[in-house]
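The lines below spell out each chain.
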Amino acid sequence: MCGQNPTNSRRAARALTLAVGTLAFGMSGAPLKAQTGGVLEEITVTAQKREESLQDVPISVATLSGERLNVLFSGSEDILALSGRIPGLYAESSNGRAAPRFYLRGLGNIDFDLAASQPVSVIMDDVVMENVVLKSFPLFDMQNVEVIRGPQGTLFGRNTTAGIIKVNTRRPTHETTGYVKGSWATFDTINLEGAIGGSLIEDTLAARVSVLQRSRDEWITNGHTGEKSLGDYDETAGRAQLLWTPSDSFSALLSFQSRNLDGTSSIFRANVFTTGSASLNQNYDRETVYYDGGDNNPQGYDSQGTTLNLQWDFDHATVSSITSWQEAEGFSRGDIDAGVIDFTQSVQVPSGITFDPNALVFGVPALTFPGTITVDSVTQDGADTDQFTQEFRIASQNDGRFNWQIGAFYFDSDLTVTTESFASFGFVPGSRQDTVIKQTNKTWAVFGQSSFDLTDTFTVTAGVRYTDDEKDFEVLQFGQLWLDIGIPTFIAGPIHAEDDQTSWELSANWALSDTSSLYGRYSTGFRAQTIQGRDVAFLETPSVAAPETIDSIEAGWKATLFNNRMRLNAALFMYEVDDMQLSVIGGAANVNQVINADKGEAVGFELDAEWLITENLLVTAGASWNDTEIKDRTLSTVPCGSGQCTPLDPVDPTDGTGSRVLLDGNPFPRAPETTYNLTIQYTAELGNASEMYFMTDWAYTGKINMPLYEAVEFKTDGQFEGGLRVGYRNLDTGWDIALFGRNITDEHNVLGFVDFSNNTGFVNEPRIWGIEAGYKFGE
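Computed from a predicted model, the values in this text were never measured in an experiment.

## Concerning the overall build of the protein chain
Okay, step 1: Broken down by element type, the protein chain carries three helices and 45 strands.
Okay, step 2: A compact globule built from 779 residues would reach a C-alpha radius of gyration of about 28 Å, and the protein chain, at 26 Å, matches this within 12%.
Okay, step 3: Principal axes of the C-alpha set define a box for the protein chain whose edges measure 75 × 55 × 50 Å.
Okay, step 4: Of all 779 residues assigned to the protein chain, the portion counted as buried reaches 61%.
Okay, step 5: A sequence separation of at least 24 residues applies to 69% of the contacts in the protein chain between residues at least 6 apart.
Okay, step 6: Summing over all exposed atoms, the protein chain offers an accessible surface of approximately 28600 Å²; the carbon and sulfur share of this is 55%.
Okay, step 7: Of the side-chain charges in the protein chain, 52 are positive and 102 negative, and the distance between the mean point of each set is 4 Å.

## Some details on the pairing of strand β19 (residues 317-335)
Okay, step 1: Pairing between strand β18 (residues 298-313) and β19: 15 bridges, direction antiparallel. Its bridge partner being in β19, glycine 300 is matched across the sheet by phenylalanine 331.
Okay, step 2: Here β18 folds back onto β19, and the loop between the two strands holds three residues.
Okay, step 3: Sheet topology note: the β19/strand β23 (residues 378-396) ladder contains 19 bridges and is antiparallel. The residue of β23 that forms the bridge with phenylalanine 331 is glycine 382.

## A closer look at the sheet that holds strand β14 (residues 227-230)
Okay, step 1: If you trace the three strands from one edge of the open sheet to the other, you get β14-β13-β17, paired in mixed fashion. Two strands close off the open sheet at either side, each with one partner strand: β14 and β17 (288-289).
Okay, step 2: Of the strand pairs in this sheet, strand β13 (residues 220-222) and β17 are connected by two bridges, and their pairing is parallel. Considered in β17, the bridge of asparagine 222 is made with valine 289.

## Points about the pattern of salt bridges
Okay, step 1: As enumerated under the stated definition, the model contains 35 salt bridges in all.
Okay, step 2: For glutamate 554, the salt bridge goes to arginine 105, with nearest N and O atoms at 3.1 Å. Of the two residues, glutamate 554 sits in strand β31 (residues 548-561) while arginine 105 sits in the loop between β5 (101-104) and β6 (120-124), which places them 449 residues apart along the sequence. For the pair shown, glutamate 554 and arginine 105 are each scored as buried.
Okay, step 3: The shortest N-O distance in the salt bridge between arginine 149 and aspartate 608 comes to 2.6 Å. Here arginine 149 is found in strand β8 (residues 142-149), whereas its partner aspartate 608 is found in strand β33 (residues 591-614), with 459 residues between them in sequence.
Okay, step 4: The class of arginine 149 is buried, set by a relative accessible area of 0%.
Okay, step 5: Judged by relative accessible area, aspartate 608 falls into the buried class, the value being 3%.
Okay, step 6: Overlapping salt bridges, with partners in common, bring together Arg105, Arg149, Glu554, Glu606 and Asp608 in one network.

## Thoughts on the side chain of serine 690
Okay, step 1: Assignment of secondary structure puts serine 690 in strand β38 (residues 690-701).
Okay, step 2: Judged by its relative accessible area of 9%, serine 690 is buried.
Okay, step 3: Here serine 690 is in contact with Glu685, Tyr728, Arg729 and Asn730, once residues within four sequence places are set aside.

## Side note on a nonpolar patch on the surface
Okay, step 1: Nonpolar side chains collect at one region of the surface, where Trp184, Tyr682, Leu686, Met692, Phe694, Val726, Tyr728, Ile737, Leu739 and Ile771 lie side by side and expose about 890 Å² of accessible area between them.
Okay, step 2: Secondary structure elements with two or more residues in the nonpolar patch: β37 (674-687), β38, β41 (719-730) and β42 (735-742).
Okay, step 3: Within the secondary structure, leucine 686 sits in strand β37.

## Here's the deal with the nonpolar core
Okay, step 1: Ranked by internal contacts, the top residues of the largest apolar core, which has 86 residues, are Leu82, Leu139, Ile165 and Tyr709.
Okay, step 2: Beyond its immediate stretch of four places on either side in the chain, isoleucine 165 contacts Leu82, Leu89, Phe102, Val120, Ser121, Val122, Ile123, Val145 and Glu146.
Okay, step 3: Within the second largest apolar cluster, 18 residues are counted, among which are Leu230, Ala270, Phe756 and Phe762.

## A closer look at the environment of phenylalanine 331
Okay, step 1: Along the chain, phenylalanine 331 turns up in strand β19.
Okay, step 2: Spatially, the C-alpha atoms of phenylalanine 331 and serine 76 are 21 Å apart, while their sequence positions differ by 255 residues.
Okay, step 3: In this view, phenylalanine 331 contacts Pro298, Gln299, Gly300, Tyr301, Gln380, Asp381 and Gly382; residues no more than four positions away in its chain are not counted.

## Remarks on unusual backbone geometry
Okay, step 1: Omega for the peptide link from phenylalanine 369 to proline 370 comes to -10°, which places this bond in the cis form.
Okay, step 2: Along the chain, proline 370 turns up in the loop between β22 (364-369) and β23.
Okay, step 3: Residue asparagine 271 is not a glycine yet carries a positive backbone phi of 50°.
Okay, step 4: For asparagine 271, the position within the fold is in the loop between β16 (250-264) and β17.
Okay, step 5: Taking the relative accessible area as the measure of exposure, asparagine 271 reaches 11% and is therefore buried.
Okay, step 6: Despite not being glycine, asparagine 296 has its phi angle at roughly 70°, a positive value.
Okay, step 7: Position of asparagine 296 relative to the elements: it lies in the loop between β17 and β18.

## So, the state of the cysteines
Okay, step 1: Following the criterion strictly, the structure yields one disulfide and no others.
Okay, step 2: Between the sulfur atoms of cysteine 640 and its disulfide mate cysteine 645 the distance is 1.6 Å. On the S-S bond that ties cysteine 640 to cysteine 645, the torsion sits near -80°, and the link is left-handed.
Okay, step 3: Exposure remark for cysteine 645: the relative accessible area of 6% places this residue in the buried category.

## Digging into the environment of leucine 134
Okay, step 1: Residue position: leucine 134 is located in the loop between β7 (127-129) and β8.
Okay, step 2: Considering only alpha carbons, one finds leucine 134 and glutamine 304, 170 residues apart in sequence, at a separation of 9.1 Å.
Okay, step 3: Beyond its immediate sequence surroundings of up to four residues, leucine 134 is in contact with Met129, Gln326, Glu327, Ala328 and Gln387.

## Quick look at the sheet that holds strand β9 (residues 163-169)
Okay, step 1: Overall, mixed pairing links the five strands, which are arranged β3-β8-β9-β6-β7 in an open sheet. With partners counted over all chains shown, the strands left at the sheet margins are β3 (61-64) and β7, one partner each. Going from strand to strand, the sheet's axes swing by 25° on average, the running direction of each strand aside.
Okay, step 2: Where β6 lies against β9, five bridges are found, and the strand directions are parallel. Bridge pairing in β9 links valine 122 to isoleucine 165.

## Details of the packing of aromatic side chains
Okay, step 1: Taken as a whole and judged by the stated rule, the model has 20 aromatic pairs.
Okay, step 2: With centroids separated by 4.9 Å and ring planes inclined at 35°, the aromatic side chains of tryptophan 735 and tyrosine 775 adopt a geometry described as tilted. You can see tryptophan 735 sitting in strand β42 and its partner tyrosine 775 sitting in strand β45 (residues 768-777), a full 40 residues away along the chain.
Okay, step 3: Judged by relative accessible area, which is 27%, tyrosine 775 ranks as partly exposed.
Okay, step 4: An aromatic cluster of three or more residues is present, and its members are Trp244, Phe250 and Trp312.
Okay, step 5: Across from the ring centre of phenylalanine 140, 4.5 Å away, lies the NZ or CZ of arginine 239, which sits over that ring.

Cut-offs used in this document
Here, residues in each chain are numbered from 1, in the same order as that chain's written sequence. Note on the predicted model: pLDDT of at least 70 is required for a residue's local features to be given, and 80 or more for side-chain atom pairs to be given and counted; whole-chain, interface and lining totals, by contrast, use all residues. Side-chain numbers here rest on the full set of heavy atoms in the structure, without hydrogens or water. Secondary structure counts use DSSP, requiring at least four H or I residues in a row for a helix and at least two E residues in a row for a strand, with both numbered from the N terminus. Note that the radius of gyration is over C-alpha atoms, with the globule rule given as 2.2 Å times the number of residues to the power 0.38. We call a residue buried when its accessible area falls under 20% of the maximum for its residue type, exposed when it is over 50%, and partly exposed in between, using a 1.4 Å probe and counting protein chains only. Contact between two residues is taken to exist if any of their heavy atoms lie within 4.5 Å; hydrogens are not considered. Method for areas: the Shrake-Rupley scheme with a 1.4 Å probe, in which residue coverage is limited to the protein chains shown. For this count, His and the chain ends are skipped, Lys and Arg are scored as positive, and Asp and Glu as negative. Where a charge lies is defined by one atom per residue type: Lys uses NZ, Arg uses CZ, Asp uses CG and Glu uses CD. At least two bridges found by DSSP between two strands is the condition for calling them paired. By definition here, a salt bridge exists when the distance from a side-chain nitrogen of Lys or Arg to a carboxyl oxygen of Asp or Glu is within 4 Å. Only residues whose relative accessible area exceeds 30% and that form no salt bridge enter a patch; like-charged residues are grouped when within 9 Å of one another, and nonpolar side chains (Val, Leu, Ile, Met, Phe, Trp, Tyr) when within 5 Å. For our purposes a nonpolar core is just a set of buried Ala, Val, Leu, Ile, Met, Phe, Trp, Tyr and Cys residues, chained together by side-chain atoms within 4.5 Å. Two cysteine sulfur atoms form a disulfide, by the criterion used here, when they sit within 2.5 Å. Axis definition: a line fitted to C-alpha atoms, over the contacting stretch in the case of helices. Angles run 0 to 180 degrees between N-to-C directions. Aromatic rings from Phe, Tyr and Trp, with only the six-membered ring used for Trp, were paired whenever their centres fell within 6.5 Å, and each pair was classed as stacked if the ring planes differed by under 30 degrees, edge-to-face if by over 60, and tilted otherwise. We count a charge as sitting over a ring when the NZ of a lysine or the CZ of an arginine lies within 6 Å of the ring centre and within 35 degrees of the ring normal.

Purely spatial values, then, with no claim about function.
Next up, the structure:
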């Protein structure tokens, strides 16, 4: 339980000291033209499944909307563009635009596998997107994005131990509204987007249709073949919605969305870290790689989903039913060793990069570059997934002192993952073997929450949820290669894992005045048991991790200051994760396994604010600090190979080989110690309802230790990115034209690594400059 460890108390004191001493702050901002009367607009959120003012919710919530949200995607960025734009939120991926990994308050999952579970849930239009592929649906025609930090196990269920990213799209209305915009940028990057909506039958039937097309040409050259053949993508998505309101007491919203993605997966870069250094070395060139396999790292995914949201309004309660079917299918392929392996030792090495004329690849001499490569690895993972969800909810509808809601939830999903490996594996150079596994997951839950105004200024909220979750795993096809070369058949038997958990929360909100409040919250949650079976493709048994549970304490202050010209929210938090699920990825053993640590502990703070300095100048900024620590005296793992990198952890004394290192005391993997974000919006009125505007946005990420173990080479610190937008718009005609830039200082930020073959890395998106024109009507 939180609060019982003196170490936590000391860390909490440090968090408080840093919070008081930090002068940065931040929050979401509406477009500057939307500020009325020189004050900030009220922000409405649905963090508790009902519409409430942001300032009244006893939870740490931040939102992105309007221009501050739209500018992030002006260069055709995917959902990873949210990373760092909210304090405490971090995101990365080694699967291109198809499988993002999110981290909140330092808690996430580094597993790249398509069956991996995540402690950060993505909720899109009230529907959980469980699989990592579904989480990557592109963001367009958005109302807002809510980032709800901390465990949300009561109202949103399992796999929300870190928090939620809640995506709310624009819904149909009976007013005719819409927009169209298009942009062109560096590398022939094109972004086309539009929507139109309004009444089909006055006051009875409304519709909205939204479309998106994003593309980029090849801009990365394969230095081994001389072809410019990587870095491209072509993504198309659409959404159609019908809203039927036959009476004042009933509404039905039917939504269908679809996506097609075809392009390049992640770009891996061999030996871009020199042993003993975390800096990118001479082997790194953003626009050049050296691949002898992978077929240019192609990626392709199709997804679609249908949701029916029904609502009945009665005198004192609202009944809701949300039914949804989501599915996706596709693949990603990659040259994972990210270099060239020549067993004839006769290929000419490009000038300026390191090479090894006598590298041992599975014991066979070979010429390799860049640098020394020890494993020849090209893999393709494909996912075929679908999910059905159903939620029923009854919520009170009154202005009294007591409010409540109860509900039930059902989830049923199937996932088939095909792993294709094109590599030597030390047996048959250039061979291929396919393994197919299937996982099913069924869960059901009942929940309830109530709040009571003890006085006009003091409100108590309590909630509880019971969840039953079960998973099944089976191998549908075992790699024929292993049978062909005489390795005994290895078929993992079916695995069944189930558990039930009760999560609860208790919070209090005290209104100090009409403009400020204090809140406290104790919440619990759990991440369901995990079965990781990818290693079956490489002659290893599946691994199973027990559920992790979290206890979290949070206290915060929310205020509206300077006559509603500043909004300032602050939160201190402390949490403890029991049986923490961790992913062991790569290392000299080259495995993908899930394990349980005894505990994980964290303490930190977040600051969110928004300041309308003048009617023409809006500043937002943000800060977070996380101190995370794995607590398990015996937990160990195999780091990178000897001489490849520089592990900093003590050797496990119980391991006779000396190849394992202890993890006790390490920070959570990929957990930023600090994040900062800043936006500045300025407008200059030109008359005739027209104006020039300027906007810049920045995100900074502090220290990150990328793997489970600590090594000199796999740490990052002080990485940042900035954006710029300068434009003209006419508020009467709806026209807008702007010049923009993303990553304007051309930062080369390391986002991840691969350590089983060499010191491989992958980096952020390049700098781009572009122009955008848009037209809005009815808004």
